[in-house]
Amino acid sequence: MERVKCLIIGSGPAGYTAAIYAARANLSPVLYTGLQMGGQLTTTTEVENFPGYPEGVTGPVMMEDMQKQAARFGTDIRFGVVTRVDFSGRPHRVTLDDGKTIEADAVIVATGATARYLGLPSEEQFRGAGVSACATCDGFFYRGKDVAVVGGGDTACEEAIYLAGLCREVYLIVRKNYLRASKVMQQRVFDAPNIKVLFEHNTVELFGTAMGLEGARLVFRQGEADESFKEICVDGFFLAIGHVPNTGVFKEFLQLDEAGYIVTSGTSTRTNVPGVFAAGDVMDPVYRQGITSAAAGCKAAIDAERYLAGLCLSST
Ligand code: NDP
């Protein structure tokens, strides 16, 4: 069985930064990318708030840069998805989707988070045929058409702005009477002539034919005295209502909070299992930024290095 010193799971800013630091510390890291190589930032357009890019950079380019930087110092980057872990003893065991199991002295979990859906049956019906959680991936298919985006955060505003550049009309469906997004994003939404913000609206169901989505039925002020219903005709329906942490395979061994995020100790990246560390969106329900994930990845590599140094000392 293959045995490695440091195994990193995930290829977002946390995973790649952990890899850069671990490689430079001679830990010979092996990194498994997961299904979405580069993580969530590969689905974003312009990143304007990551220091070091004064003109901004696209998410995919930034992630490619991080990958190259991790590879340059010798990280063994492999495509694969972790299906099972066994953190009950030492070394830790991690099984991949091809059936291979690897032993690792230290594991850094940086599996990020996945887009949340509303949970409507009709949403399932039109997934991939009008329903998407990634405007930058799928917006192209709706050029010149009308679309809707659900959510009131930065992601929803960013997606609405992106789609406004491609589509005829963009409805932004917001359940509260205000946007949660940063002021600068809000202003861009309000300044776009073809974005129509529908405050206090919720989606009841989606409708269409076997050919694809045709529209959405919405409710205004659900449950209140002036509740009313309306339909909008849209070809595309984009979800931007937050994320759930990708922690399913770890839940038997790692302590999670009530929302499923990995619990780490104090300001460190240590989990409840010695030798297992967590970094990025998988353990951070609060900040969830590329830069904070990268910082956590750096901390995880340093924590792993110190842990491995301790192992060496105790075995001599
Ligand atoms: P957020 O959690 O910030 O926002 C989620 C939005 O979805 C909220 O408006 C929320 O409504 C709404 N929502 C949640 N569930 C439902 C539902 N069932 N029905 C309808 N609406 C729902 O997530 P984001 O993905 O927008 O952002 C995550 C983090 O990433 C944030 O910290 C954000 O600032 C950051 N980010 C930064 C960017 C940048 O700086 N360029 C770009 C994108 C994200 P409510 O407000 O009512 O809870």
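Analysis parameters
- Residues numbered from 1 in each chain as written.
- Predicted model: local features only at pLDDT ≥ 70, side-chain atom pairs only at ≥ 80, totals over all residues.
- Heavy atoms only, no water.
- Axes fitted to C-alpha atoms, helices over the stretch in contact; angles between N-to-C directions.
- Helix = DSSP H or I, 4+ residues; strand = E, 2+ residues; numbered from the N terminus.
- Left-handed = near helix turned anticlockwise from the far one by under 90°.
- Contact = heavy atoms within 4.5 Å.
- Nonpolar A, V, L, I, M, F, W, Y, C, P; charged D, E, K, R; others polar.
- Near = heavy atom within 4 Å.
- Polar contact = N/O pair within 3.5 Å; in protein donor to acceptor, adjacent residues only side chain to side chain.
- Areas by Shrake-Rupley, 256 points an atom, 1.4 Å probe, with all protein chains shown as cover.
- Domains from an automatic or database assignment.
- Expected span 1.5 Å × (residues − 1).
- Buried < 20%, exposed > 50% of the residue type's maximum accessible area, 1.4 Å probe, protein only.
- Buried area = accessible area lost by both parts, 1.4 Å probe.
- Salt bridge = Lys/Arg side-chain N within 4 Å of Asp/Glu carboxyl O.

1. Side note on the packing of helix 5 (residues 154-164) against helix 6 (residues 183-191)
Move 1: Look at helix 5 against helix 6: their axes get within 9 Å of each other, and the N-to-C directions meet at 35 degrees. Judged by the sense of rotation from one axis to the other, the crossing of helix 5 with helix 6 is left-handed. Facing D154, C157, E158 and I161 of helix 5, the residues of helix 6 in contact are M185, R188 and V189.
Move 2: Taken together, the residues of the contact of helix 5 with helix 6 break down into four nonpolar, no polar and three charged.

2. Examining the site of the ligand
Move 1: Close contacts around the ligand come from 19 residues, with N49, G152, D154, T155 and R180 the closest.
Move 2: Within the contact set of the ligand, an oxygen atom lies 2.4 Å away from a side-chain nitrogen or oxygen of R180.
Move 3: Isolated, the ligand exposes 920 Å² of accessible area, and the fraction of that covered by the protein chains is 81%.
Move 4: Looking at the shell around the ligand element by element, the count peaks at three residues for helix 5.
Move 5: Residue composition of the shell around the ligand, by class: five nonpolar, eight polar and six charged.
Move 6: Formed jointly, the shell around the ligand draws a minimum of three residues from each of two domains, domain 1 (2-114 + 243-315) and domain 2 (117-239).

3. Looking at helix 1 (residues 13-24)
Move 1: The terminal C-alpha atoms of helix 1, which comprises 12 residues, lie 17 Å apart, in line with the 16 Å expected from a rise of 1.5 Å per residue.
Move 2: Counted residue by residue, helix 1 has 10 buried out of 12 residues, so it is predominantly covered.
Move 3: Taken residue by residue, helix 1 has P13, A14, G15, Y16, T17, A18, A19, I20, A22 and A23 as its buried positions.
Move 4: Immediately downstream of helix 1, the backbone of N26 shows phi near 65 degrees, a positive value.

4. Overview of the domain arrangement of the chain
Move 1: For the chain, the domain assignment lists domain 1 (2-114 + 243-315) and domain 2 (117-239).
Move 2: In this assembly, five residues from domain 1 lie in contact with six residues from domain 2.
Move 3: Together, the buried faces of domain 1 and domain 2 total about 470 Å²; carbon and sulfur atoms form 44% of this surface.
Move 4: Inspection of the region where domain 1 meets domain 2 yields one salt bridge.
Move 5: One salt bridge in this structure joins R188 and E48, with 3.3 Å as the shortest N-O distance.
Move 6: Linking domain 1 with domain 2 are one residue pair in polar contact (both at pLDDT 80 or more), by the criterion used here.
Move 7: Tallied by class, residues from the side of domain 1 that touches domain 2 come to no nonpolar, three polar and two charged.

5. Some thoughts on the side chain of R78
Move 1: Assignment of secondary structure puts R78 in strand 5 (residues 76-78).
Move 2: Residue classification places R78 among the buried residues on the basis of a relative accessible area of 18%.
Move 3: A polar side-chain atom of R78 sits 2.8 Å from a polar atom in the side chain of E2.

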